[in-house]
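Chain residues, written in single-letter form:
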Amino acid sequence: MYNTLIAQAGLADRPRKSRWPAKLDLLQSLTGLFLALFMWGHMFFVASILLGKDTMWTVTKFFEGYYFFDKSYPGIVSIVVACVAVIFICHALLAVRKFPISYRQYRTYRAHMKSMHHEDTTLWMWQVWTGFLMFFLASAHLYQMMVWPQNIGPFGSGDRMWSDGLWPFYLVLLLCVEFHGGIGLYRLAVKWCVPNASREFLKKLKWGITVFFLILGLATLAAYVKIGIEHQDNYGEHYVPTFANQPVGEMN
Amino acid sequence: MSETQKTAAPGGQTRHRMLTFHILRYNPQDPDSKPHMQSYQLEEAEGMTLFLALSEIREHQDPTLQYDFVCRAGICGSCSMLINGRPGLACRTLTKDLGTEITLAPLPVFELIGDLSVNTGKWMRGMSERLETWVHTKEQELNLDKAEERMDPDLAESIYELDRCVECGSCVAACGTAQMRNDFVGAVGMNKVARFKLDPRDTRTDDDFYELVGDDSGVFGCMSLLGCHDVCPKELPLQTQIAFLRRKMISVGLK
């Protein structure tokens, strides 16, 4: 009951050091790991458009529970997005503790980075900037997906890219996600377990994965933009799969 | 020395490369002194190290140049400095491995004495006192007549491996976190804790070590940039040790 008073007196850490820094450090890594792996899965789901509109439509309907309940519930997507958003906010809160907190710190680190010519040191600055941009970009995307999950689909997503003019937004978000996630996973490995002998291999693997997902992401983005351009005269119309005679549920 | 670095001059004499050293000069004791770069030219010699080059410059060109050295053999760690922007030992760096333009600057983070000389000792002492880097025994008085406990040779070897640290400060100067946050213990500190944690004579528990490094100025402040590991002149396994310590301290934190 007097914990607050003890903390106010600056004695919260006496006689035993707080266990929170350990928990927060682990939580930062775990939330980052979850988000990076989630983004890999996410990329494969959205890239299903490269296999055709019907495939992407099927994936969308799967996540809306259509194949379990015989009816689409976009609300399921909203719930999943809300959970991801909570984890994303937690990760942002935990990671921001490591950011330079003053211009002096930023300038010192930058000078150090430039003189060291050390890849891992430079990549951290990439993580800081991509992370900073994602505070805004990922938040906006998550909000949009949470509030309007029914607009995810071949035409819905294509319209969002082209008619809603969001393709530059997604282009920047794609670059941020792939660089931040790739570097983050590499750092998690060297931070917790992978021995130094594997570090060079790990770094090559990291760049390979980043290039793979960037190519996949750019191709996917281009595919949605193409659909958006072709579909701009029918903006807002939902996709009907070629194998269905009649619209099923709330088709997008 | 490679053929590109020396040419045969007329008369059969060997002509070596002409090196230009750009050295950061500053004397904090002198109010009129301002940090500036000063250049010196020197002909490279066979097997020349940066330490030898600096000695030549001080001997023949500028006796006011300040830099540290003791052992000249990579054992004392005194001559650590920024060599072309990266920390390293002057006595262990051969000029043949560098270009003809070489920049030298004092290590950041540590108190500057003058030019290339920094007070790493003061920082290291503070770190040692903070982390209590000595064997803690339960015995109140040391009994010199009592035989020491036997130790497994492999374990002794593991402890010795970490004890090879010469406290040169390169790891601290190469650490982005230590640059930004001056209370960070650095890889040298974490390596010390890992070393005493291995030592069976030290009776401290993981909980005791958590009190020393279980926060953001300790092991949880490390962002795994690994500059420390990559510049360590003694090639200590710093990355492995920090990861090991992190896992141990997390297990204490989750208890």
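Remember, it's a predicted structure, so these values are computed and weren't measured experimentally.

K.L.:
Explain the overall build of chain B to me, and be specific about the residues and the numbers.
P.N.:
Assigned secondary structure in chain B consists of nine helices and nine strands. Expressed along its principal axes, the backbone C-alpha trace of chain B runs to roughly 75 × 45 × 35 Å. Taking the intrachain contacts of chain B between residues at least 6 apart in sequence as the baseline, contacts between residues at least 24 apart amount to 62%. For chain B, the accessible surface area stands at approximately 12600 Å², while carbon and sulfur atoms represent 49% of it. Here chain B holds 28 positive side-chain charges and 38 negative ones, and the gap between their average locations is 3 Å.

K.L.:
Tell me about the interface of chain B and chain A, and please be specific about residues and values.
P.N.:
Many authors give the size of an interface as the accessible area that is lost as the parts come together. Taken residue by residue, the interface counts 38 residues in chain B and 36 residues in chain A. Here chain B packs against chain A, burying approximately 3200 Å² in sum over the two surfaces, 52% of which is carbon and sulfur. Linking chain B to chain A there are seven salt bridges. Asp207(B) serves as the salt-bridge partner of Arg19(A), at 3.6 Å between the closest nitrogen and oxygen. The interface formed by chain B and chain A contains 19 residue pairs in polar contact (both at pLDDT 80 or more). Among the elements of the structure, β6 (86-89), α5 (176-180), α7 (206-213), α8 (227-231) and α9 (238-253) of chain B are those that each provide at least two residues to the side of chain B that touches chain A. When residues of the side of chain B that touches chain A are assigned to their parent elements, the largest contribution, eight residues, is made by α9(B). Residue composition of the side of chain B that touches chain A, by class: 18 nonpolar, eleven polar and nine charged.

K.L.:
So, the pairing of β6(B): which residues are in play, and what are the values?
P.N.:
Residue and element names in this part refer to chain B. With four bridges joining them, strand β5 (residues 80-83) and β6 adopt antiparallel strand pairing. If you follow Met 81 over to β6, its bridge partner there is Gly 88. The turn joining β5 and β6, which pair antiparallel and follow one another in sequence, is formed by two residues; a positive phi near 50° is taken by Asn 84.

K.L.:
Let's hear about the layout of surface pockets: which residues, and what values?
P.N.:
Residue and element names in this part refer to chain B. Within this model, the second largest pocket holds a volume of roughly 530 Å³. As for the second largest pocket, its lining consists of 18 residues, and the residues nearest its centre are Thr 137, Glu 139, Glu 148, Glu 149 and Arg 201. Taken together, the residues of the lining of the second largest pocket sort by class into six nonpolar, four polar and eight charged.

K.L.:
Before we move on, could you go through the environment of Lys204(A) and cite the residues and values that matter?
P.N.:
Relative to the elements of secondary structure, Lys204(A) occurs in helix α10 (residues 199-230). Taking the C-alpha atoms as reference points, Lys204(A) and Leu26(A), 178 residues apart in sequence, are found 26 Å from one another.

K.L.:
Run through the packing of aromatic side chains, naming residues and quoting values.
P.N.:
Residue and element names in this part refer to chain A. Per the stated rule, a full pass over the model turns up 31 aromatic pairs over all chains. Ring centres of Phe 44 and Phe 213 lie 5.6 Å apart, and the angle between their planes is 65°; on these two criteria the pair is classed as edge-to-face. Within this pair, whereas Phe 44 is found in helix α2 (residues 20-46), its partner Phe 213 is found in helix α10, the two being separated by 169 residues in sequence. Residue class for Phe 44 comes out partly exposed when judged on its relative accessible area of 46%. Look at Phe 213 and you get buried, because its relative accessible area is 4%. When the ring of Trp 129 is compared with that of Phe 132, the centres are 5.8 Å apart and the planes differ by 85°; the resulting orientation is edge-to-face. Taken as a pair, Trp 129 and Phe 132 lie in helix α7 (residues 119-147) at a separation of three residues, close to a single helical turn. Owing to a relative accessible area of 34%, Phe 132 belongs among the partly exposed residues under this scheme.

K.L.:
Describe helix α3 (residues 53-63) of chain A, with residues and values.
P.N.:
Residue and element names in this part refer to chain A. For α3, the full list of buried residues reads Asp 54, Met 56, Trp 57, Thr 60 and Lys 61. One side of α3 holds all its buried residues, which, seen down the axis, span an arc of 160°. Tucked inside the fold, the buried residues of α3 contact α4 (66-69), α8 (154-161) and α10. Following α3 by one or two positions, Gly 65 adopts a phi angle in the positive range, close to 80°.

K.L.:
Can you lay out the domain arrangement of chain B for me, pointing to particular residues and giving the numbers?
P.N.:
Residues and elements named next belong to chain B. You can read the domains of chain B as domain 1 (3-117) and domain 2 (132-253). Between the C-alpha centres of domain 1 and domain 2 the distance comes to 32 Å. Taken together, the 14 residues of domain 1 in the interface contact twelve residues of domain 2. If you sort the residues of domain 1 by the area they bury against domain 2, Pro 87, Val 109 and Phe 110 come out on top, with a joint share of 39%. Across the domain 1-domain 2 interface, the total number found is zero salt bridges. Between the two partners, domain 1 and domain 2, sit three residue pairs in polar contact (both at pLDDT 80 or more). A per-element tally of the side of domain 1 that touches domain 2 places β6 first, with four residues. A class-by-class count of the residues in the side of domain 1 that touches domain 2 yields eight nonpolar, four polar and two charged.

K.L.:
For the pairing of strand β7 (residues 101-105) of chain B, give the residues involved together with the corresponding values.
P.N.:
Successive residues of a regular strand alternate their side chains across the two faces of the sheet. Residues and elements named next belong to chain B. Pairing analysis gives four bridges linking strand β3 (residues 18-25) to β7, with the strands arranged parallel. Its bridge partner lying in β7, Thr 20 is registered against Glu 101. Pairing between β5 and β7: two bridges, direction antiparallel. Across the sheet, the residue bridging to Leu 82 is Ala 105, located in β7.

Here is what the cut-offs are and how they apply
- Residues numbered from 1 in each chain as written.
- Chains lettered and ligands numbered in written order.
- Predicted model: local features only at pLDDT ≥ 70, side-chain atom pairs only at ≥ 80, totals over all residues.
- Heavy atoms only, no water.
- Helix = DSSP H or I, 4+ residues; strand = E, 2+ residues; numbered from the N terminus.
- Contact = heavy atoms within 4.5 Å.
- Areas by Shrake-Rupley, 256 points an atom, 1.4 Å probe, with all protein chains shown as cover.
- Lys, Arg positive; Asp, Glu negative; His and termini not counted.
- Charge placed at Lys NZ, Arg CZ, Asp CG, Glu CD.
- Buried area = accessible area lost by both parts, 1.4 Å probe.
- Salt bridge = Lys/Arg side-chain N within 4 Å of Asp/Glu carboxyl O.
- Polar contact = N/O pair within 3.5 Å; in protein donor to acceptor, adjacent residues only side chain to side chain.
- Nonpolar A, V, L, I, M, F, W, Y, C, P; charged D, E, K, R; others polar.
- Pairing = 2+ DSSP bridges.
- 1 Å grid on protein atoms, 1.4 Å probe; cavity = no way out; pocket = protein on both sides within 12 Å on 5 of 7 lines; lining within 4 Å.
- Points joined across faces, edges and corners; volume = space filled by probe spheres on them.
- Phe/Tyr/Trp six-rings, centres within 6.5 Å; stacked < 30°, edge-to-face > 60°.
- Buried < 20%, exposed > 50% of the residue type's maximum accessible area, 1.4 Å probe, protein only.
- Arc of directions from axis to C-beta.
- Domains from an automatic or database assignment.

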